[in-house]
Amino acid sequence: MSAFDSLNRDLEDLIEYLKGVRKALIVFSDDGDGVSSAYLLTKVLDELNIDYRLMSLDKAFPEAIKEIFKTYFDCYFFLDIGGAFYHFIPRESYNNVIVIDHHTLDVEFPGAIKYINPFKYGFPDEESPVSSVITYFLLKKVTREAPKDAWAALIGFGESPYNLKGINWRVAYEGIIFGNVKRSGKSLSIYLKGLKREFRSLYRDITLVSSAGYFEDLPLEVIAMFRFGELDIKEYVNRFREIRLNAYSEMTRLLEEGMFVKEYIQWFEDYKGLFYDMGTRVFDSYVSYVSHQARLYDKNRYIIGISSRKPYIPGLGSLRSKWLNIAVRVSKKLEFRILNGYSQPVSALIEAASYSVGGIGYGYQTNGSCIIPYDSKEEFLNIFNELAGG
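Residues numbered from 1 in each chain as written. Predicted model: local features only at pLDDT ≥ 70, side-chain atom pairs only at ≥ 80, totals over all residues. Heavy atoms only, no water.

An account of the packing of aromatic side chains is needed here, citing residue identities and associated values.
Scanning the entire structure with this criterion turns up 26 aromatic pairs. Between Y136 and F137 the ring centres are 5.7 Å apart and the planes differ by 80 degrees, which places this aromatic pair in the edge-to-face class. Across the pair, F137 and Y136 agree in class, each one buried. Here F275 and F283 contribute two aromatic rings whose centre-to-centre distance is 5.3 Å and whose plane-to-plane angle is 75 degrees, an arrangement assigned as edge-to-face. The class of F275 is buried, set by a relative accessible area of 2%. One aromatic cluster is present, formed by F69, F73, Y76, F78, F85, Y86, F109 and Y115 through successive ring pairs. The ring of Y17 carries K114 above its face, with NZ or CZ at 4.1 Å from the centroid. (Phe/Tyr/Trp six-rings, centres within 6.5 Å; stacked < 30°, edge-to-face > 60°. Buried < 20%, exposed > 50% of the residue type's maximum accessible area, 1.4 Å probe, protein only. Lys NZ or Arg CZ within 6 Å of the ring centre and 35° of its normal.)

See below:
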């Protein structure tokens, strides 16, 4: 059985399960893929006459997961949410949890949880679908009109570093045939009510607005725009670009003074709260920026950025506890060592270190992130450093 056949079988089983659902919670990430996935899932649930509520989660962490399961729904969708967060889901709720994700994971979800991930089916990396592409094929199970929404899945694919191939290209092709996706030079553009944008560029802007405006509930507002077929985000984009630029500039000025160092790691903290009013993804992107500024770090050590996370979740409300956001990146030299088996992959290190201190982490071989309890920073750093030396 091919990877797509295996995925298709699980999607068919999921549709059968949903026929018995009356009310669902959609929890989605705050980037272009998460927002697009959530929009497409609302269309699926509309077709099945299922009521739903939307909630955006920048990253999974224990308090958030526990609070989510204090709400009452027939089922809980987690879209584009990485990490082994099932540890904090009540076991009696496992059968009512659906996870659609595409991040690598070094542990397996319990079999009772409906877990859909391209790595589970054996898709080659260059053909692996993102969460919104998977959700698009779920939509195709319930309506023949799905191709009119192929543009949304294409936006989500904007985060992939690969060219459109396999089922990802099929989504783009169906959008082209419908008419709201068109060839534009060597790329593809999306046409919506006067909007004409290259899809990767549009992905970046949607991610900026949704993540920088996370604590202003903008992930929810962007989905509302999707449902009206309008993406009037230009003013938001201009505003948040300026805010982000100012935060980048000031943080870089502070970093010129150097980082804290242990044997295998180096780290810095946003102690001025420059990124506090923006979603954690913006700070994570800044740590990626730092990894390309060789003058700022030691190329032999893992780069760790630390910031405080505001205790609020769009669609859920305020939280009681304080948490830290952690982002890990590496130099080109350390990336080579990791990919060739000489150094530990970031995903394994961050998952283990965060879990050890009561947090949740996830990532890829050369980058990752996590949320940990506010007072566990030193313990996390010590564990990460020890594991990195192993």
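So much for the structure itself; the text now carries on.
Kindly report on unusual backbone geometry, identifying the contributing residues and their values.
Outside of glycine, negative phi angles account for most residues, and trans bonds account for most peptide bonds. A positive phi angle is found at D80, which is not glycine, with a value near 60 degrees. Unusually for a residue other than glycine, D217 sits at a positive phi of about 65 degrees. When you line up the elements, D217 lands in the loop between helix 8 (199–212) and helix 9 (218–228). (Helix = DSSP H or I, 4+ residues; strand = E, 2+ residues; numbered from the N terminus.)

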